[in-house]
Every structure is written in structure tokens, then in C-alpha cells.
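# What the coordinates show
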Amino acid sequence: MEWETVIGLEIHTQLATESKIFSGAATAYGAEPNVQACAVDLGLPGVLPVINEQAIQMAIKFGLAIEAEIPERSIFARKNYFYPDLPKGYQISQFELPIVSKGHIDIQLEDGSSKTIGVTRAHLEEDAGKSMHEGFGKLTGIDLNRAGTPLLEIVSEPDMRNAKEAVAYMKKIHSIVRYLEISDGNMQEGSFRCDANVSVRPKGQDEFGTRTELKNINSFRFVEQAINYEIERQIDVLEEGSEIVQETRLYDPNKNETRSMRSKEEANDYRYFPDPDLLPVQIEQSLIDEIKSHLPELPDAKKQRFIESFKLSDDDATLLTSQKEIADFFEACVDAAGGETKLSANWITGELTANLNKENMDITDSPVTAEMLGSMIKRIQDNTISGKIAKQVFEAMWNGEGDADSIIENKGLKQVTDTSAIEKLVDDVIANSPDQVKQYQESPPEKQGKLIGYFVGQVMKQSQGKANPKQVNELLKQKLNS
Amino acid sequence: MHQSTLTQLSTALKEKKVSSEELTQLYLDRCKNFNEALNCFITINEDVALENARTADKKIAEGKNTDLTGIPFAHKDIFCTNGIKTSCGSKMLDNFIAPYDATVVEKMNDAGMVMLGKTNMDEFAMGSSNETSFYGPVKNPWDSDHVPGGSSGGSASAVAARLCPAATGTDTGGSIRQPASLCGITGLKPTYGRVSRYGMIAFASSLDQGGPMTQTAEDAALIMNVIAGFDKRDSTSAEHPVDDYTFRLNDSIEGLKIGLPKEYFGEGLDSNIAKIIEDGIKELEKLGASCKEIELPNTDLSIPAYYVVAPAECSSNLSRFDGVRFGYRCEEPKDLPDLYCRSRGEGFGKEVKRRIMIGTYVLSAGYYDAYYLKAQQIRHLIRDDFQNAFKDVDVIAGPTATGTAFKLNEKLNDPVSMYLSDIYTVSVNLAGLPAISVPAGFIENLPVGMQLIGNYFEESRLLNIAHQYQQVTDWHKQVPKEYK
């Protein structure tokens with residue numbers, strides 16, 4: 001039987017507010033345990049939550065970016081359950097009337113076509129603390145620094161049909177929240193994580209199959225792996241004639257498998273009800289208009305602009321706009337390179353990306369800045385260096401040896417364009433390679449193209465790469481054919 | 001001296017007829033002498049009180065005093081006090097010392113008032129008799145076989161016995177007004193949101209409201225001047241202008257229109273109580289007020305609605321008492337469920353557990369619509385009833401409680417009858433209105449209170465009427481003879 005997969009994602013993105021969603025405590029990551037938890041975060045008796053306006057504004061920003069409706073009235077609710085890292089015994093979240101209702105985004109599929117994925121809702125909630133099971137013997141440690149950190153939970157429609165689409169959707173949302181600067185999107189630190197709802201059904205069937213929920217996946221790669229594993233597992237179960245159990249499952253990246261956490265029957269009854277400590281949030285149209293007027297250029301619009309005004313290919317434009325920081329780097333580089341777009345794109349998507357990946361670095365931490373790269377590209381443009389020498393210059397810049405001009409100067413990498421100097425090298429090489437000259441001259445013209453490479457190589461070697469390759473080529477052809 | 005009102009004490013302090021230290025010592029001695037008999041204090045903090053009294057005396061000497069600087073009083077043990085135990089009447093918080101002051105506490109400290117101690121109360125303010133306290137029942141100073149009412153029973157008893165000239169209370173379903181009625185003092189429950197709830201341990205967040213418990217309406221006005229107002233730490237506090245509550249005390253009540261809900265005076269009301277309330281209203285008529293029968297048709301739904309909403313909120317509010325971060329923790333928990341079950345099982349008393357269970361039930365999937373949602377709808381009806389009534393009348397008058405103070409243990413094992421005794425008070429909380437209970441008479445030497453209910457933010461008018469009433473009556477001046 002042919003099966004079809006149905007996937008919906010719930011993405012939790014941590015909002016980059018300065019203080020927590022209901023208290024004045026700081027949200028910075030990595031502090032000593034429990035130093036960033038105030039009386040409100042600790043859930044001490046008598047304390048009360050006060051909503052952080054910045055969190056509201058960030059949520060609205062996101063809503064506008066996905067063309068969602070922003071209801072006039074929004075309500076916070078309590079989600080009740082006991083857990084040691086949940087100080088109040090309930091999480092303040094939203095249930096009915098979330099801050100962002102229906103919206104949508106477009107994702108690009110592998111064949112280049114695009115697909116619209118619906119966003120059901122996005123709601124604000126507070127994060128819980130962390131339970132630490134190591135280092136305390138038989139006890140569990142609780143760190144409440146994270147408790148009360150604002151989260152935006154973005155719930156998609158079950159519109160995705162395979163793991164690749166899910167990844168594309170997740171990447172797109174990641175890119176949007178980063179463009180909006182409402183989240184750092186740091187997946188290692190848990191600022192961006194997702195739960196995936198996965199089910200399969202016979203192709204052509206309208207109703208959904210029973211779904212499982214894969215919890216807390218914090219990388220694009222794991223999302224793909226977890227979903228693919230789960231699809232296989234579900235199809236195996238169904239093909240054996242058994243039934244899928246509705247349950248929550250945990251993905252183990254080490255073993256690449258999902259394991260049952262709890263079944264529907266064991267699921268909590270969260271007893272949601274409106275939080276009586278917080279009044280309903282009233283969103284004025286004027287606030288929405290204000291936020292709208294300050295929305296930055298979003299990935300799709302930027303990509304279109306890159307294609308149109310920079311004449312980039314769709315692929316290059318997609319890559320360069322995938323992160324706001326990359327796009328910013330590219331634009332700064334083009335500026336410094338005197339408007340050269342194609343070389344800038346090539347160097348960023350090629351050499352720079354390769355180096356960043358190798359070192360596992362973000363573009364913002366690149367030792368070669370956009371200005372440095374742009375200036376170097378300028379030197380390629382004006383024939384000071386060749387593209388090949390440029391790689392050497394780039395490596396030196398990467399290693400902190402200075403900017404392009406000083407490296408070219410110090411290492412004497414300036415391209416030799418003096419015809420007489422090149423001519424001398426060409427003559428030397430021809431004189432020292434009688435066999436090769438003979439072979440070249442006896443070959444038919446269509447083979448000569450290949451054989452000339454040897455001479456070019458020799459001349460470049462003698463010039464330590466500095467000879468202008470174009471000139472070398474021309475001179476060699478001239479001399480060998482005469 | 002100990003029979004003086006706040007107003008009198010304020011004058012005496014300003015005129016330097018007495019120092020705050022002397023006054024504080026006087027009341028501390030009374031607290032220590034009588035607490036064994038009445039059990040109205042959980043904590044008496046003599047050293048801190050005397051130190052604060054001396055600071056107050058310095059301020060008075062320097063002329064940096066407010067009207068209430070140097071005046072001793074007591075806080076209900078539901079208000080968090082920085083560095084001083086706040087138990088909420090529960091074993092769960094017997095070891096709890098808050099690292100912060102409630103807004104009300106902060107404001108009274110800033111005014112220079114001197115806290116003598118923390119008063120006993122029903123556990124987590126759940127009760128109408130002060131018998132659910134982990135620290136044992138409070139006695140009614142008018143007759144120690146009787147309860148003082150609840151949940152602010154310690155405060156009511158202490159003020160009635162003049163162990164302190166005034167105290168704070170909180171009112172979720174009548175917890176200021178009913179004990180005020182049963183102990184013969186004046187108790188004001190302000191409009192919901194008028195007094196900050198920050199640092200006041202929550203029972204039912206949408207109903208809880210702190211307020212003054214005093215000998216007179218004038219004294220209540222003085223305290224309201226200190227504690228009322230918007231607080232940015234409490235999102236539900238009202239950004240509504242604050243009155244000078246003493247400003248209108250002496251206004252005439254000529255032309256005042258009083259509504260008498262027929263539902264409050266029908267069958268079920270003890271005829272002796274009815275007589276006292278009718279007499280009280282006659283006094284108001286003599287002062288120029290007129291009366292009109294009104295209808296509050298959904299009154300009979302208020303108890304069931306209240307006993308859904310309040311437990312629902314309490315079941316969630318009390319979840320934080322889990323033995324993990326503060327408060328009571330059971331010995332040697334063997335695992336997490338055991339830690340939760342035994343800490344909460346051992347730390348909470350019977351009534352609290354009963355309400356947590358009711359609340360958990362009414363919020364559960366499948367029951368939410370039938371109970372919690374329905375109760376919220378009833379709340380709207382009750383609010384509408386009052387708003388309709390206030391189209392025709394300025395205030396509503398009636399009894400505060402269904403009877404006088406009942407005997408200790410009389411209703412302890414009959415929670416439903418205990419709940420029903422809140423009939424005249426709970427609808428005010430459901431609607432969020434202000435109401436005051438003033439002493440209006442005695443039945444067999446036990447006090448009876450009359451309740452006046454006002455429209456939103458009309459505390460000034462209620463205090464004005466109560467004050468005018470107290471100018472022509474002396475019920476509020478009666479002190480039980482052992483405490484004279």
C-alpha cells in the first residue's frame with residue numbers, strides 16, 4: 001500500500017526580551033543556577049505576574065510577518081500540572097484567544113516549487129525551569145533561571161507531507177524570527193525547539209491517521225531524522241496489521257529512534273482556565289499599525305530584491321537570504337567590493353561558508369569581515385591578484401594576518417602583468433621542455449588545448465602564482481604555434 | 001487609653017500626650033495577657049514593634065509624621081512581612097518567612113504605623129469560624145465559647161478585645177465583614193482592585209480583597225487613605241483615582257436612597273437579626289435617608305457559584321505549595337509523587353483539602369463547562385442584578401450574617417451549613433463591589449452587624465453613611481466587659 005505522511009509542528013521560540021514575561025528578572029542564558037530567579041519566578045506565596053509589554057509586541061510582530069490576524073482581545077490561561085521545575089504548579093500560557101491567530105508562510109520545495117503552510121495560531125507562555133539529574137547523587141537539582149522566560153509557541157496546520165517539508169518550514173520560521181529580531185533562535189541553548197505531530201494514512205484517504213507527538217527536538221537534522229524514523233515505524237506497525245497508539249514519544253538522536261514517553265490515557269488533564277491574576281490583553285489597532293510600520297524586510301522580499309537588483313540566481317539568493325546576518329554580510333561585502341555582486345555571492349557561498357562550516361562558526365563571528373572580503377574582491381576586479389592568489393589572500397585574512405592589501409603587499413602577491421617579465425618565464429619554460437613542445441606541436445589543434453595546461457602550470461609555478469594567467473595563456477599560444 | 005479609636009490615638013500622639021513606644025508597650029502587654037484566652041495572634045513581635053515605635057517617636061519629634069505614624073495595629077497573617085513569619089494559618093507555611101513585604105504592609109510601614117504582630121485566621125482564609133487554623137481556633141471576646149467568625153477571626157477578635165486599635169483583614173466571600181459582624185467591629189471590604197493584592201497570599205484571586213477592620217468607620221477611612229491605590233505589581237489593581245476617604249465622612253445623608261433586597265429579608269433570616277437591621281435602617285431614615293425594596297433575583301445562585309469559582313481558583317493557587325522550594329516538606333520522601341502527596345497531605349488541613357478537591361473537580365475536562373463556565377455566567381447575572389439595583393438606589397442595606405456568633409465546633413462538621421452562612425456576603429465578592437459591616441445591636445450579648453453595599457469605588461459614600469450612623473448610635477463603642 002502507498003502511504004501518505006501528515007505532519008504538523010509546534011515550534012517553541014524563546015523571545016529575546018530583556019526581562020522575563022511576568023517578572024523583572026533577567027533572561028540572559030548561562031548564569032549560575034537560580035541567580036536569575038526572583039520571588040515571582042520562584043512562585044513564592046502572594047507574588048503576582050505582570051505581563052511584559054515587550055513580549056506582547058514581539059508576538060504581534062511575528063503575527064504581522066506571517067500575515068496573521070491579531071485579535072483585539074487575548075487571554076492568558078493557567079495550565080495546571082505538577083512538576084518540580086514548574087514553580088507555581090501551573091504554567092501561564094494561552095488557551096482560548098491566543099495573541100496571534102491564523103496566518104501562513106511559504107516554503108520552497110526541493111523541486112523549486114513553493115508551498116503554503118498554514119499557521120493555526122501562535123501564543124505566548126512562560127518557560128519552565130530545568131531539572132538537573134546529574135551531579136546531585138540520588139537527588140534532582142532544580143535551576144529556575146529559565147522559569148518565566150517568554151516563549152512564543154507557533155502551531156502549524158497539519159500541512160506538511162514529508163520530513164523535508166517539515167525542515168523547510170522550521171527553517172523558514174527560524175529565519176523569520178531572526179529577521180524580526182524577536183529571538184536569537186539559538187538551538188543549542190534551547191531557544192528554538194519543536195514538537196512534531198506525525199501520522200500516516202493510506203494515500204487518497206481523507207481522514208487523518210492516529211498521530212504521535214515527538215517531543216523537544218532541537219536541531220533541523222534531528223527533526224528530519226526523528227520524523228523519518230517515526231514514519232517508518234508507523235508504517236511497519238500498520239502493515240503488520242496493528243494500530244498506532246496515540247502517545248507522546250521522545251527522539252533519541254544517539255540511537256536514532258523514538259521511544260514512548262506517555263500514552264493518551266496517562267496524559268495530564270491540564271485544567272486550563274483564564275488566569276485571574278492577569279486581565280485580558282487589549283490590543284489597540286494603533287499599536288498594530290505602529291509595529292507594522294517598523295517591520296523589517298522579510299526573507300521572501302529580500303530574496304526577490306536580490307534576484308532583481310543584484311541579478312543573482314534563485315539558488316544564490318535563497319542561500320544568501322536564509323539568514324539575516326548572511327544577507328547583511330552580502331550587502332556590506334558588495335558595497336566594499338564596489339558593487340560587484342556575482343563574485344561577492346560566490347565567495348560567500350563558497351570559500352567563506354566552507355571555512356565557517358569547518359570551524360562551526362556563525363557568519364557574525366567570521367574573522368574575515370564583509371569589508372575585508374569586499375576589498376579583496378576589488379583587488380581581483382582590478383587585476384591586482386588572480387582568483388587563485390585570492391584564495392591564498394583569503395586564507396591569510398582568515399588566519400588574522402591583516403587585510404587584503406597588506407597581505408598582498410607583505411607577501412608580494414601582486415600579479416605580474418609586465419609582458420616582458422612574463423615573456424621571459426614563457427621562453428624559459430619552452431626552452432626547458434623540448435619533449436613537451438614537440439608533442440604539442442605534433443598534436444592536432446583540438447588536443448593542444450589540453451596540452452597547453454602543462455606549460456601554463458610550469459609558468460605559474462615559476463612565477464609563484466603571480467603571473468596573470470590570461471597573459472600567460474596568450475603568450476604561450478603565440479609562441480608555441482609560431 | 002486602650003479603648004481609644006485611631007482618630008483619638010492619632011491626636012494623642014500628635015499632641016505628645018503619649019509616645020508611640022508607650023502606646024505600643026501598652027498594646028503589647030494586652031496582647032500577651034489575653035492571647036492565651038483568645039488565641040488571636042499567631043506571632044507577636046515585641047522587639048521589632050518597639051523598635052519601630054521608637055523610630056515613629058523620632059519622626060513625630062521631627063515633625064515628619066503622617067496621621068497614623070506611631071499607631072500600633074496588627075496584620076492578618078495572610079500578608080507577607082519581610083523577615084517575619086507569614087503562616088496563612090497553615091502548617092504548610094509554619095516555617096515560611098517571606099523575603100518581601102506585601103504592598104499593604106509596605107504602605108502601612110511607610111505611613112509609620114507599628115505592627116504588633118500577625119493575627120490568626122482560617123487556614124488559607126478558608127473558613128467562616130476561624131476553626132480551620134493550624135494554630136487552633138480563635139475565641140470570640142464576647143463569649144469565649146463562641147467563634148469570632150472567619151476567616152479574619154484573629155483580627156476581629158483582637159480589635160473587639162482592644163488588643164490593638166485596628167487590624168487588616170481580607171475578604172474573599174465575607175471574611176472581613178462576617179467576623180466584624182460577629183465581634184461587633186467595623187469591617188470594610190473595598191471594591192475589587194482598590195487595594196493591591198501583591199504579597200497577600202492568594203485564596204481566590206478574582207475575589208480576594210484586603211481591607212481595614214476597625215472600631216469605627218472614621219478609623220477605616222484613615223486606613224483606607226494609606227492602603228488604597230493602584231499598584232503596578234498587581235495587574236488587577238484599579239487605575240482609578242483614590243479618594244481622601246475622610247473627606248466626606250461628615251456629609252449629610254439627607255436624600256440618600258437605600259435599597260432593601262427582598263431576598264435578604266425573606267424567610268431564612270432570623271427574626272431577631274431582622275429586627276436589629278430594621279432598627280438600624282430606621283436610624284438612617286431619621287438622618288434623612290429613604291428606603292425602597294429592590295430585587296436581587298439571583299441571590300440564591302451566589303453560594304453555589306461562589307463555591308465553584310473560589311475552590312477552582314484556590315486549587316490552582318495552592319499548587320505552589322508542593323514541598324519543593326519552601327514551606328512544609330514531609331520527612332524522607334521516597335520519590336517525587338511521595339514528596340507531593342505527603343507534603344501536601346500532611347501540610348494542608350481538612351477544609352483546604354476539601355476545597356482543592358472541589359476546585360480540581362470543577363476544572364476537569366468534561367466538567368469545566370457545566371461548573372466553572374456556568375458559575376462565571378452566574379457571576380455576570382449577579383453583577384447585572386446589582387447594576388440594575390444601583391440605577392434606583394445609592395446603597396443597599398441588609399444583614400451581614402445569618403446569625404450571631406455560633407458555638408465552637410457547632411458547624412465544624414457541617415461544611416454546607418457553614419457555607420450557607422455566607423449568603424449575604426458572597427454575592428458582593430462575586431460582583432466585586434465594596435461593602436461595610438457596622439455594629440448594629442446585640443442578641444443575648446452577642447453583636448450583630450449591618451451591611452451596607454455600595455457601587456464600584458463608592459467606599460467614601462459607604463464610610464460616610466457608616467460614620468453618620470455611628471454618630472447617632474453607640475453599638476460600635478461597646479467593649480466586652482473583660483476587655484474594658
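Residues numbered from 1 in each chain as written. Chains lettered and ligands numbered in written order. Predicted model: local features only at pLDDT ≥ 70, side-chain atom pairs only at ≥ 80, totals over all residues. Heavy atoms only, no water.

### Section: the packing of helix α2 (residues 53–65) of chain A against helix α5 (residues 285–293) of chain A
All names here are of chain A. In the contact formed by α2 and α5, the axes pass within 10 Å of each other and the chain directions differ by 70°. Relative to α5, the element α2 is oriented roughly perpendicular. Crossing angle aside, the handedness with which α2 passes α5 is right-handed. Only L287, I288, I291 and K292 of α5 make contact with α2, whose side of the interface consists of Q57, I60, K61 and L64. (Axes fitted to C-alpha atoms, helices over the stretch in contact; angles between N-to-C directions. Helix = DSSP H or I, 4+ residues; strand = E, 2+ residues; numbered from the N terminus. Parallel < 35°, antiparallel > 145°, perpendicular 65-115°, else oblique. Left-handed = near helix turned anticlockwise from the far one by under 90°. Contact = heavy atoms within 4.5 Å.)

### Some thoughts on the sheet that holds strand β9 (residues 150–156) of chain A
Residue and element names in this part refer to chain A. Taking strand neighbours across the sheet as the criterion, the eight strands line up as β5-β6-β9-β1-β10-β11-β12-β13 in an open arrangement whose pairing is mixed. Each end of this open sheet is capped by a strand with a single partner; those strands are β5 (103–108) and β13 (257–263). Mean inter-strand twist for the sheet, computed between neighbouring axes without regard to direction, equals 30°. As defined by bridge partners, strand β1 (residues 3–14) adjoins β9 across five bridges and the pair is classed as antiparallel. Within β9, the position partnered with H12 by the bridge is E153. (Pairing = 2+ DSSP bridges.)

### As for the packing of aromatic side chains
Applying the stated criterion to the full structure yields 31 aromatic pairs over all chains. With 5.4 Å between their ring centres and 75° between their planes, F310 of chain A and F330 of chain A make a pair best called edge-to-face. With F310 of chain A in helix α6 (residues 299–310) and F330 of chain A in helix α8 (residues 324–336), this pair connects stretches of sequence that are 20 residues apart. These aromatic residues form a ring-pair network of at least three members: F96, F124, F321, F326 and F348 of chain B. For the cation-ring pair, K79 of chain A lies above Y270 of chain A, with the distance from its terminal atom to the ring centre recorded as 4.4 Å. The aromatic ring of F406 of chain B is capped on one face by K411 of chain B, whose charged end is 4.5 Å from the ring centroid. (Phe/Tyr/Trp six-rings, centres within 6.5 Å; stacked < 30°, edge-to-face > 60°. Lys NZ or Arg CZ within 6 Å of the ring centre and 35° of its normal.)

### Considerations on the domain arrangement of chain A
In many reports, interface size means the accessible area that the parts give up when they come together. All names here are of chain A. In terms of domain boundaries, chain A breaks down into domain 1 (3–290), domain 2 (297–411) and domain 3 (419–481). Look at where the C-alpha atoms of domain 1 and domain 2 centre, and you get two points 35 Å apart. Contacts between domain 1 and domain 2 engage ten residues on the former and 14 residues on the latter. Here domain 1 and domain 2 share an interface that buries about 910 Å² over both sides, 51% of which is from carbon and sulfur atoms. Together, Q108, R178 and Y179 form the three largest contributors to the area buried by domain 1 at its contact with domain 2, with a combined 65%. Linking domain 1 with domain 2 are three salt bridges. Across the pair E181 and K324 runs a salt bridge whose closest N-O atoms are separated by 3.6 Å. (Domains from an automatic or database assignment. Buried area = accessible area lost by both parts, 1.4 Å probe. Salt bridge = Lys/Arg side-chain N within 4 Å of Asp/Glu carboxyl O.)

### Quick look at the side chain of T212 of chain A
All names here are of chain A. Assignment of secondary structure puts T212 in strand β11 (residues 212–217). Assessed through its relative accessible area of 0%, T212 is described here as buried. Here the side chain of T212 touches E230 through a polar contact of 2.8 Å, side chain to side chain. Those residues in contact with T212, other than ones at most four positions away along the chain, are A196, N197, V198, E230, R233, Q234, I244, V245, E247 and R249. (Buried < 20%, exposed > 50% of the residue type's maximum accessible area, 1.4 Å probe, protein only. Polar contact = N/O pair within 3.5 Å; in protein donor to acceptor, adjacent residues only side chain to side chain.)

### Side note on the sheet that holds strand β4 (residues 90–93) of chain A
Within the open sheet, the three strands sit side by side as β4-β3-β14 (chain A). Their pairing is antiparallel. Edge strands, defined here as strands with exactly one partner in the open sheet, are β4 and β14 (273–274) of chain A. One ladder, built from two bridges, connects strand β3 (residues 77–80) of chain A with β14 of chain A; its direction is antiparallel. Among the inter-strand pairings, A77 of chain A is bridged to a residue of β14 of chain A, identified as P274 of chain A. Most of the contacts of helix α10 (residues 302–317) of chain B go to β3 of chain A, to which it runs at about 60°, and overall it touches β3, β4 and β14 of chain A.

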